[in-house]
Amino acid sequence: MLLSLGLILLCQLVGEAIAHATDVPVPGPVIGMVLCLLLLLARDQALRRMPAELRDGTFENTGRGILSHLSLLFIPAGVGVVQRLDVLAGNALAIALSLLVSTVLGLAVTAWVFHFVARRLHA
Amino acid sequence: MHEDVFALWVYLARSPLLWLTVTILAYCLCDRIAAALHRAPLANPVLMTMCLVGGLVRGTGTPYATYFDGAQFIHFLLGPATVALAIPLYQHRHMVMRSILPMACALIAGSVTALVSAVLIARLLGAPAAVVISIAPKSVTAAVAMGISGRLGGDPALTAVLVILTGILGAIIVTPLLDRLRITDTRARGFAAGLAAHGIGTARAFQVDPLAGTFAGIAMGLNALLTAVIVPLLL
């Protein structure tokens with residue numbers, strides 16, 4: 001459990017370092033996600049020599065544990081709404097319509113294009 | 001007596017423990033309510049908790065910075081949680097590899113649609129330039145969106161709020177909207193949720209189906225990259 005947590009943090013740390021050093025517009029944690037995927041694939045290549053924690057599903061369970069309450073993690077930033085109520089109220093109509101329409105369109109277009117291309121390719 | 005209570009409040013209100021505890025317990029309560037309502041889209045746990053905790057912070061006159069001193073321990077976990085999205089991605093990697101082309105097409109079409117429509121509508125309705133810039137990256141995960149907005153002269157704190165509101169909106173709308181459009185492909189539904197509504201959409205997708213959650217996580221990562229590249233070109 002502790003090793004798994006340490007490795008997840010290490011992926012993020014290396015990701016942040018890469019993001020900072022190269023100026024790519026990708027956030028460190030997203031690079032960390034790619035590194036974590038590579039780590040899992042590399043593990044499978046040398047499974048027998050890996051520590052037990054990486055072989056018995058503990059790593060996967062630790063990650064799932066963090067993900068199981070993903071919604072909670074957005075609350076602190078969301079409560080920040082109390083700081084910007086004036087701007088929101090001052091542009092209420094523009095902001096509300098812009099968010100609503102673009103979210104509906106974004107969802108519909110994404111899902112429809114995915115569905116259409118997948119059906120064409122029988123993927 | 002009254003003064004004792006006040007002194008205790010002054011002491012507790014300054015310690016990170018109070019708002020950390022309030023945030024976690026409020027979320028537990030709201031998540032219970034959402035579960036009792038059979039995870040109906042409108043009973044969104046993020047929205048309910050935000051209203052409850054936001055109301056308490058405002059009602060007690062607590063500065064946001066004081067609240068965040070406690071809540072930052074939760075906020076910090078967003079990074080490791082993003083890294084942990086690699087685990088469902090790894091488990092579904094064969095399915096993901098087979099869907100590369102539909103993902104690429106959906107990513108470009110959806111990302112541009114969400115971005116252009118948001119900017120155009122805000123402009124047409126007369127929002128000031130700083131607000132328009134702050135709206136542009138709202139479909140992207142908060143850290144990236146704040147970076148984009150700050151670099152182009154927007155208000156990063158406003159962007160963070162708009163990002164969260166977009167996420168909640170997307171998480172509420174996605175199921176009824178795609179049901180109505182008769183899109184049943186779990187991959188397409190998840191991918192759309194992650195693209196338009198980042199981590200909150202991804203959280204919603206995981207509630208519905210782990211495969212949908214996986215595709216949502218990928219969409220969130222890819223859209224962060226693409227939006228960061230196209231927003232500066234567009235504005």
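Quick caveat, the model's predicted, so the values are computed rather than measured.

Reading guide: rules and limits
Residues numbered from 1 in each chain as written. Chains lettered and ligands numbered in written order. Predicted model: local features only at pLDDT ≥ 70, side-chain atom pairs only at ≥ 80, totals over all residues. Helix = DSSP H or I, 4+ residues; strand = E, 2+ residues; numbered from the N terminus. Rg over C-alpha atoms; globule rule 2.2 N^0.38 Å. Buried ≥ 20, exposed ≤ 12 C-beta atoms within 10 Å, placed from the backbone. Contact = placed C-beta atoms within 7 Å. Domains from an automatic or database assignment. Axes fitted to C-alpha atoms, helices over the stretch in contact; angles between N-to-C directions. Parallel < 35°, antiparallel > 145°, perpendicular 65-115°, else oblique. Left-handed = near helix turned anticlockwise from the far one by under 90°. Nonpolar A, V, L, I, M, F, W, Y, C, P; charged D, E, K, R; others polar.

**Regarding the overall build of chain A**
Now for step 1: When helices and strands are counted, chain A shows 7 helices and 0 strands.
Now for step 2: Listing the helices and strands of chain A from first to last along the sequence gives α-α-α-α-α-α-α.
Now for step 3: Computed over the C-alpha atoms, the radius of gyration of chain A is 20 Å, more than 25% above the 14 Å expected from 2.2 N^0.38 for a compact globule of 123 residues.
Now for step 4: Taken along the three principal axes of its C-alpha coordinates, chain A extends 60 × 45 × 30 Å.
Now for step 5: Counting all 123 residues of chain A, 42% fall into the buried class.
Now for step 6: Within chain A, contacts between residues separated by at least 24 positions form 41% of all contacts whose residues are at least 6 apart in sequence.

**Focus on the domain arrangement of chain A**
Now for step 1: We note that the domain assignment places domain 1 (1-68) and domain 2 (81-123) within chain A.
Now for step 2: Taking only C-alpha atoms, the centre of domain 1 of chain A and the centre of domain 2 of chain A are 31 Å apart.

**Let's talk about the packing of helix α8 (residues 100-124) of chain B against helix α13 (residues 210-234) of chain B**
All names here are of chain B.
Now for step 1: For the pair α8 and α13, the least separation of the axes is 10 Å and the interaxial angle reads 50°. Here α8 is positioned oblique relative to α13, judged by the angle of their axes. Classified by chirality, the crossing of α13 by α8 is right-handed. Contacts from Met103, Leu107, Ser111, Val112, Leu115 and Val119 of α8 reach α13 at Ile218, Ala219, Leu222, Asn223, Leu226, Thr227, Ile230, Val231 and Leu234.

**Topic: the interface of chain B and chain A**
Now for step 1: Listed as interface residues are 92 residues of chain B and, on the opposing side, 62 residues of chain A.
Now for step 2: Top element by residues in the side of chain B that touches chain A is helix α11 (residues 156-180) of chain B. It accounts for 15 residues.
Now for step 3: Residues that form the side of chain B that touches chain A fall into these classes: 66 nonpolar, 20 polar and 6 charged.

**Topic: the environment of B:Thr62**
Now for step 1: Among the secondary structure elements, B:Thr62 is positioned in the loop between α3 (45-59) and α4 (64-76).
Now for step 2: Residue class for B:Thr62 comes out partly exposed when judged on the 17 C-beta atoms lying within 10 Å of it.

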